[in-house]
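One letter stands for each residue in the lines below.
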Amino acid sequence: MQKMVIMMKNDHFQPFDVASIFWIYEEDIDSNKDKKRGKLRPGLIIGFTPDGKAVFQKITTKFKNKSPFIKLRYYKIQDLKSAGLNRESYIDIKDSRIIKLDNIVKRGSLSEKDIDDLIDFKQTYPERLRKFQLKQINRNRGLER
């Protein structure tokens, strides 16, 4: 069952904020260790669950070696400074996660242009995917033009 996402802000965060998210290593999730091990990774807050957790999409710098299929779902952030990022970065629009707010720290926010372009990118994803799949089918049939 999918959780409902509420597009509103809370006291500290709002949709389209870029945050550093503490990813706990899998082996530490259920452990009783006082200090959990993990890494800080960037993510884009896209909304909140009814119980107040943040819904986010992962941000990555890894793009070059991804397959063409995976690249279809990566939106390139244009205004890195506004987002609080210092390296070319991409939002994975097909991978949403939920996390407690105490595991994130705000870095920046998407610019208005990036917000508009991201919304358009998400809306046109099904058509880009359909064209990609047709191209793959034609290639497999030897019909590629």
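Remember, predicted model here, so these are calculated numbers, not experimental data.

> So what exactly am I meant to see when it comes to the nonpolar core here?
When a protein is soluble and globular, its nonpolar side chains tend to lie buried together. One finds Leu44, Ile77, Ile91, Leu110 and Leu118 to be the most contacted residues of the largest nonpolar core, which totals 20 residues. Sorting the residues of this core by element identifies strand E2 (38–48), strand E3 (54–60), strand E5 (90–99) and helix H3 (112–141) as the ones contributing at least two each. At six residues, the largest contribution of residues to this core is made by H3. Once residues within four sequence positions are removed from consideration, Leu110 is found in contact with Phe16, Val18, Leu44, Ile77, Ser82, Ala83, Ile91, Ile115 and Leu118. Core analysis: the next-biggest nonpolar cluster, separate from the first, contains nine residues, Phe13, Ala19, Ile21 and Ile45 among them.

> I keep staring at the pattern of salt bridges and nothing clicks. Help me out?
Any two side chains of opposite charge can pair, given that their charged atoms come close. In total, this model carries eight salt bridges according to the counting rule given. Where Lys58 meets Asp95, a salt bridge forms, and the shortest distance between an N and an O atom there is 3.2 Å. With Lys58 in strand E3 and Asp95 in strand E5, the pair connects residues that are 37 residues apart, well separated along the chain. With a relative accessible area of 29%, Lys58 lands in the partly exposed category. A residue is classified by how much of its surface remains accessible, and Asp95, at 13% relative accessible area, is buried.

> In this structure, what is going on with the packing of aromatic side chains? I would like to understand it.
The relation between two aromatic rings is expressed through the spacing of the ring centres and the mutual angle of the planes. One pass over the structure, following the stated rule, counts five aromatic pairs. Aromatic side chains Phe69 and Phe132 sit 6.0 Å apart centroid to centroid with 45° between the ring planes, which places their arrangement in the tilted category. Note that Phe69 is positioned in helix H1 (residues 68–71) and Phe132 in helix H3, a separation of 63 residues in sequence. Through a chain of ring-to-ring contacts, the aromatic side chains of Phe63, Tyr74 and Tyr90 assemble into a single cluster. Here Arg128 stacks its cationic end above the ring of Phe121, 3.9 Å away from the centre of that ring.

> Would you take a moment to explain the pairing of E5 for this structure?
Within a regular strand, the side chains alternate between the two sheet faces. As paired strands, E3 and E5 are joined by six bridges and run antiparallel to one another. Each bridged residue has a counterpart across the sheet, and for Val55 the counterpart in E5 is Ile98. Taken together, the three bridges between strand E4 (residues 74–76) and E5 define a ladder with antiparallel strand orientation. Note on E5: the bridge partner recorded for Lys76 is Tyr90.

> Would you explain H3 in this entry?
For an α-helix the count is 3.6 residues per turn, leaving residues at separations of three or four pointing the same way. Helix length check: H3 (30 residues) gives 43 Å between terminal C-alpha atoms against 44 Å at 1.5 Å per residue, within 8%. In the structure, H3 departs most strongly from a straight axis at Thr124, where the bend amounts to approximately 45° and where the proline Pro126 lies between one and four residues downstream. Every buried residue of H3 is listed here: Asp114, Ile115, Leu118, Phe121, Tyr125, Leu129 and Phe132. Lining the buried residues of H3 we find E2, H1, E4 and E5. Note on H3: the residue one or two positions beyond its end, Gly142, has a positive phi of about 75°.

Calculation notes
- Residues numbered from 1 in each chain as written.
- Predicted model: local features only at pLDDT ≥ 70, side-chain atom pairs only at ≥ 80, totals over all residues.
- Heavy atoms only, no water.
- Core = buried A, V, L, I, M, F, W, Y, C linked by side-chain atoms within 4.5 Å.
- Buried < 20%, exposed > 50% of the residue type's maximum accessible area, 1.4 Å probe, protein only.
- Helix = DSSP H or I, 4+ residues; strand = E, 2+ residues; numbered from the N terminus.
- Contact = heavy atoms within 4.5 Å.
- Salt bridge = Lys/Arg side-chain N within 4 Å of Asp/Glu carboxyl O.
- Phe/Tyr/Trp six-rings, centres within 6.5 Å; stacked < 30°, edge-to-face > 60°.
- Lys NZ or Arg CZ within 6 Å of the ring centre and 35° of its normal.
- Pairing = 2+ DSSP bridges.
- Expected span 1.5 Å × (residues − 1).
- Bend = angle between axes of the 7 residues up to and from the residue.

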